[in-house]
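Letter by letter, the chains look like this.
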Amino acid sequence: MLVETISTEDLGDRSYVVHDGDRAVVVDPQRDIDRVEAVLDAHGLTLALVCETHVHNDYVTGGLGLARRHDVPYLVNAADPVDFAREPVRDGDEVALAGLTVRAVATPGHTPTHLSYVVDDGSGPPAVFSGGSLLYGAVGRTDLVEPDRAEAHARAQYRSARRLADALPDAAALYPTHGFGSFCSAGGSSGSSGAARGTIGDERVTNDALREPDERAFAARMVDGLTAFPAYYAHMAPANLAGPDPVDLSPLSDLGPDELGKRVAAGEWVVDLRERDTHAREHLAGSIGIALAPPFSTWLGWLIPWGTPVALIGEDEDQVAEAQRRLGRIGIDRPVGRAVGPIARVAGDQPTRGHPTATFDDLGRAGDPTVLDVRRADEFRAGHVVGALNLPLPELERRAGELPAVRLWVHCQSGYRASIAASLLARAGHDVVLVAEDFSRAADLGLTTAS
């Protein structure tokens, strides 16, 4: 049995192609299934089965499209009220292929109908594909489906993790879908040990769900550590239950300066993918700077009023195509168009703007600046610039009216969230300075305190 991993780093997820050198099982494929098909082709594999561990909250699945395209069974929990034909499976159901056996194991907690899949080739330890149940050093968060029952689901997650571990040998390889930066992981945006691979035996030593003897204590601690998750999650499960259409990744149409200007004036989102300092130096007036870094789709999906048309500005066609692919994974299927090249060509005769960037050294020399910290409240409490205001980025547009009408020095932990915040504030007419530096520098300079 061989396992090929397809990483989606921008969402903190992994899909898997499990095979015996001939026939393949795919677990939790992302929507851009061409990546899966490239792996199948590279290894000369025939797809035999597609397995879904749960109705995902952080991305639109490619499972239905992949199964239909290859005319193979699509395993989905029988209890999930989907609007499409699938192979319904329940706890203990098995599917036997030529060289592999796939067994469904009920592991509720991350979602009430969550399944894990144990795959065995009969010649060695099995592998378990645990979705959002047992992760590397953590478990999946339990407040996504029914927030008011997060603690009850956390207790179910505890029991599921232990049941799964008890049924498998220490040598069984563990392959979770979430936990590589996904907000589906418990513990904020990391929620894992940072491991790249592991076994059930490893988790017995490191995972709190397997080490903590008290279920209540585990659940209370887990729920207490939960932080906000992206707003776009509310749209993912309904899309997955309905049966997503294939994503269209063909090139976008080109937009000229006048068309971009009209879209800005209409309140649509014209998103500048260029590096944050480049955007700050000069950009199309009214555009929003969200650099094409790993958190790009998470933050755009979190902040945009859902359904707002999106146009993309990039340095070249490849940059726009990558952004388009990432947005398709979260259900923003077809941006209205693109503009590529130097800002002078993109903007034409449309107005451009800019705002200054600075370091924490500059902030320390600024006299009595008004500092805006756009990190989460728990990050702020752990340490912040003395006298700073705290307005977490997801709340910024809704609460921007609370901010004083003075120059705002905007920072976060690494500069990425601050760059988006500065862009949004500048678009709304605020006078901003982007502090584009790691927050650790503020501590080094003695500018911080803790709540």
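Bear in mind that the values here come from a model prediction, so they are computed numbers and not experimental data. (Residues numbered from 1 in each chain as written. Predicted model: local features only at pLDDT ≥ 70, side-chain atom pairs only at ≥ 80, totals over all residues. Heavy atoms only, no water.)

Our next topic: the overall build of the chain. Summing up its helical and strand segments, the chain has 17 helices and 25 strands in all. Taken over the C-alpha trace, the chain has a radius of gyration of 23 Å; the compact-globule value for 451 residues is 22 Å, and the two agree within 12%. Judged by the C-alpha coordinates and their principal axes, the chain covers about 70 × 50 × 35 Å. Sorting the 451 residues of the chain into buried and exposed places 54% on the buried side. Of the roughly 17800 Å² of accessible surface on the chain, a fraction of 47% belongs to carbon and sulfur atoms. Side chains of the chain carry 42 positive and 65 negative charges; the gap between the two charge centres is 3 Å. (Helix = DSSP H or I, 4+ residues; strand = E, 2+ residues; numbered from the N terminus. Rg over C-alpha atoms; globule rule 2.2 N^0.38 Å. Buried < 20%, exposed > 50% of the residue type's maximum accessible area, 1.4 Å probe, protein only. Areas by Shrake-Rupley, 256 points an atom, 1.4 Å probe, with all protein chains shown as cover. Lys, Arg positive; Asp, Glu negative; His and termini not counted. Charge placed at Lys NZ, Arg CZ, Asp CG, Glu CD.)

Turning to unusual backbone geometry, a few remarks are in order. The phi angle at Asp 28 is positive, at roughly 55°, despite the residue not being glycine. For Asp 28, the location among the structural elements is in the loop between strand E3 (23–27) and helix H1 (34–42). Notably, Asp 71 is not glycine yet its phi reads approximately 55°, a positive angle. Mapped onto the fold, Asp 71 is located in the loop between helix H2 (63–70) and strand E5 (74–77).

Here we come to empty space enclosed by the protein. Taken as a whole and assessed by the stated rule, the structure comprises 1 cavity of 30 Å³ or more. Put simply, the largest cavity is a space of about 50 Å³. What lines the largest cavity is Glu 52, His 54, Val 55, His 56, Thr 61, Tyr 74, Val 76, Val 82, Phe 84 and Asn 240. In the lining of the largest cavity, the residues fall into 5 nonpolar, 4 polar and 1 charged. (1 Å grid on protein atoms, 1.4 Å probe; cavity = no way out; pocket = protein on both sides within 12 Å on 5 of 7 lines; lining within 4 Å. Points joined across faces, edges and corners; volume = space filled by probe spheres on them. Nonpolar A, V, L, I, M, F, W, Y, C, P; charged D, E, K, R; others polar.)

Here the focus is the pairing of E3. The buried count for E3 comes to 4 of 5 residues, which makes it a mostly enclosed element. By the bridge criterion, 4 bridges tie strand E2 (residues 13–19) to E3 in an arrangement that is antiparallel. Bridging across to E3, Val 17 finds its partner in Val 26. What sits between E2 and E3 in their antiparallel hairpin is a turn of 3 residues, with Gly 21 showing a positive phi close to 95°. (Pairing = 2+ DSSP bridges.)

Turning our attention to the side chain of Thr 53. The topology assignment puts Thr 53 in the loop between strand E4 (46–51) and H2. Residue class for Thr 53 comes out buried when judged on its relative accessible area of 2%. Here the side chain of Thr 53 touches His 54 through a polar contact of 2.7 Å, side chain to side chain. Not counting chain neighbours up to four residues away, the residues in contact with Thr 53 comprise Val 27, Asp 28, Thr 113, His 114, Leu 115, Tyr 117, Phe 129, Gly 131 and Thr 177. (Polar contact = N/O pair within 3.5 Å; in protein donor to acceptor, adjacent residues only side chain to side chain. Contact = heavy atoms within 4.5 Å.)

What follows concerns the sheet that holds strand E17 (residues 337–340). The sheet built from 4 strands is open, its strands ordered E15-E13-E16-E17 with parallel pairing. Edge strands, defined here as strands with exactly one partner in the open sheet, are strand E15 (288–289) and E17. Of the strand pairs in this sheet, strand E13 (residues 269–272) and E15 are connected by 2 bridges, and their pairing is parallel. Its bridge partner lying in E15, Asp 272 is registered against Gly 289.

Angle between the axes and distance between the axes are the two parameters that describe a pair of packed helices. With their axes 10 Å apart at the nearest point, H1 and H2 run at an angle of 45° to one another. The orientation of H1 with respect to H2, classified from their angle, is oblique. Each of Val 36, Glu 37 and Leu 40 in H1 lies in contact with H2, whose residues at this interface are Leu 66, Arg 69 and His 70. Split by residue class, the contact of H1 with H2 holds 3 nonpolar, 1 polar and 2 charged. (Axes fitted to C-alpha atoms, helices over the stretch in contact; angles between N-to-C directions. Parallel < 35°, antiparallel > 145°, perpendicular 65-115°, else oblique.)

Estimates place the volume of the second largest pocket at around 280 Å³. In terms of lining, the second largest pocket is formed by 15 residues, of which the most central are Val 55, Asn 57, Leu 144, Val 145 and Ala 237. For the lining of the second largest pocket, a count of residues per class yields 11 nonpolar, 3 polar and 1 charged.

A separate point is the packing of helix H3 (residues 150–166) against helix H6 (residues 215–224). Running from N to C, H3 and H6 cross one another at 125°; their axes reach a closest spacing of 9 Å. Relative to H6, the element H3 is oriented oblique. As for how H3 packs across H6, the hand of that crossing is right-handed. Together, Ala 150, Glu 151, Ala 154, Arg 155, Tyr 158 and Arg 159 of H3 and Glu 215, Arg 216, Phe 218, Ala 219, Ala 220, Met 222 and Val 223 of H6 make up the contact between the two elements. Of the residues belonging to the contact of H3 with H6, the class tally is 8 nonpolar, no polar and 5 charged. (Left-handed = near helix turned anticlockwise from the far one by under 90°.)

Here the focus is the sheet that holds strand E20 (residues 370–373). Read across the open sheet, the 5 strands follow the order E19-E24-E23-E20-E22; overall the sheet is parallel. The two strands at the open ends of the sheet, each matched to only one other strand, are strand E19 (357–358) and strand E22 (389–390). Here 2 bridges tie E19 to strand E24 (residues 432–435), and the two strands are oriented parallel to one another. Within the sheet, the bridge partner assigned to Thr 357 lies in E24 and is Leu 434.

Attention now moves to the pairing of strand E8 (residues 101–106). Pairing between strand E7 (residues 94–96) and E8: 3 bridges, direction antiparallel. Looking across to E8, one finds that Ala 96 is bridged to Thr 101. Hairpin connection between E7 and E8: a loop of 4 residues separates the two successive antiparallel strands. Two strands pair when backbone bridges link them, and E8 and strand E9 (residues 115–120) are joined in this way by 6 bridges, in the antiparallel orientation. Residue pairing across strands places Ala 106 opposite Leu 115, the latter belonging to E9.

Distances and angles like these do not, on their own, reveal function.
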